[in-house]
Amino acid sequence: MLHKFGGNWTQIKLDSLEKYLNAYLKVMKNQSFQLIYIDAFAGTGECTTKDEEALLGSVARALNTNGFDKYIFIEKDEKRHAQLVQFCRDKFPDRNVSIQLADANKELRDMFSRFDSKNWRGVLFLDPYGMSVEWSTLKVIAKTRAIDVWYLFPLAGLFRNAARNWENVDKSKEQAIDRILGTDEWKTIFYSEHPQSDLFSDDSAIVRSVDLNYLERYVTERLNTIFPAALEPRRLCNGNIPLFSLYFAISNDSKRAQDAAIGIANYILKNT
Ligand SMILES: C[S@@+](CC[C@H](N)C(=O)[O-])C[C@H]1O[C@@H](n2cnc3c(N)ncnc32)[C@H](O)[C@@H]1O
């Protein structure tokens, strides 16, 4: 069964990841670390965009590099997991692959809370459908000081959940935003009291007083509170409708590692 999602932004996202993996492997070639690639929302290996364009998925692109000592893929959907197992068996039988049928947040927190940062370095790709990546997961990843992260942040999802009128932000939206941002301070930052347009009323309404650009800057600031560096994202749009912010963040606190990774990732974010 075809795995259909995305559009032209999918190509930019996947090309950015692929370019980074190739550059990363070149830089790490002469270092003594073991290298791991983790794809936490792995899909099936291949994908077809809604415009019927067939693309190699993130898993296939990572496996094609053939440079990592270990590959871990996490996929929650049983059918897609089975397809992915088959795909890896057929196309990449010699790679050291582990394919987990699991929830990404839980699996990542388990894996990274006991990660061997002395001997391993790696790249993690977070490519969820929606607002699924929990802040508590990002904190554990940032703590490894060993993992570089590409994160497709659902900017449109955040904008939609942070509805213009506070009265339309129900409990489930509130909780989804808390989970993805790891704080509830956004309520007072994004929202303020606004006089009603009705001149004859003393009422006021609570409304969102910040725009989409502000939301994106806020997310960047939040990521920079836990990662030594999170770069300005690449905005991914459908035509001129903003959908995602593609982030790169590095958890390594070595200045040399940061300079190398940031130089490469910045170039990719601006030129893909
Ligand atoms: C956008 S697709 C990923 C596509 C993939 N990166 C590629 O390039 O082919 C998101 C995938 O995450 C899976 N997924 C959704 N929620 C998940 C979760 N909590 N844990 C793990 N996988 C999840 C979906 O079943 C879907 O296959």
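Residues numbered from 1 in each chain as written. Predicted model: local features only at pLDDT ≥ 70, side-chain atom pairs only at ≥ 80, totals over all residues. Heavy atoms only, no water.

K.L.:
Please explain the packing of helix 1 (residues 8–28) against helix 10 (residues 255–271) as it appears in this structure.
P.N.:
Any two packed helices are characterised by how steeply their axes cross, that is the angle between the axes, and by the distance between the axes. The geometry of helix 1 relative to helix 10 is characterised by a closest axis approach of 10 Å and an angle of 155° between their N-to-C directions. With respect to helix 10, the element helix 1 is oriented roughly antiparallel. The chirality of how helix 1 crosses helix 10 is right-handed. Between helix 1, through Ser16, Lys19, Tyr20, Ala23 and Val27, and helix 10, the contact on the second element is made entirely by Ala260, Ala261, Ile264, Ala265, Ile268 and Asn271. In terms of residue class, the contact of helix 1 with helix 10 is made up of eight nonpolar, two polar and one charged. (Axes fitted to C-alpha atoms, helices over the stretch in contact; angles between N-to-C directions. Helix = DSSP H or I, 4+ residues; strand = E, 2+ residues; numbered from the N terminus. Parallel < 35°, antiparallel > 145°, perpendicular 65-115°, else oblique. Left-handed = near helix turned anticlockwise from the far one by under 90°. Contact = heavy atoms within 4.5 Å. Nonpolar A, V, L, I, M, F, W, Y, C, P; charged D, E, K, R; others polar.)

K.L.:
Can you help me understand the site of the ligand in this one?
P.N.:
Inspection of the region around the ligand gives 19 residues, with Ser58, Glu75, Arg80, Asp103 and Asp127 positioned closest. The side chain of Arg80 places a nitrogen or oxygen atom 2.6 Å from an oxygen atom of the ligand. One of the side-chain N or O atoms of Asp103 is found 2.8 Å from a nitrogen atom in the ligand. Relative to its unbound accessible surface of 600 Å², the ligand loses 94% to contact with the protein. In the shell around the ligand, the residues fall into nine nonpolar, four polar and six charged. (Near = heavy atom within 4 Å. Polar contact = N/O pair within 3.5 Å; in protein donor to acceptor, adjacent residues only side chain to side chain. Areas by Shrake-Rupley, 256 points an atom, 1.4 Å probe, with all protein chains shown as cover.)

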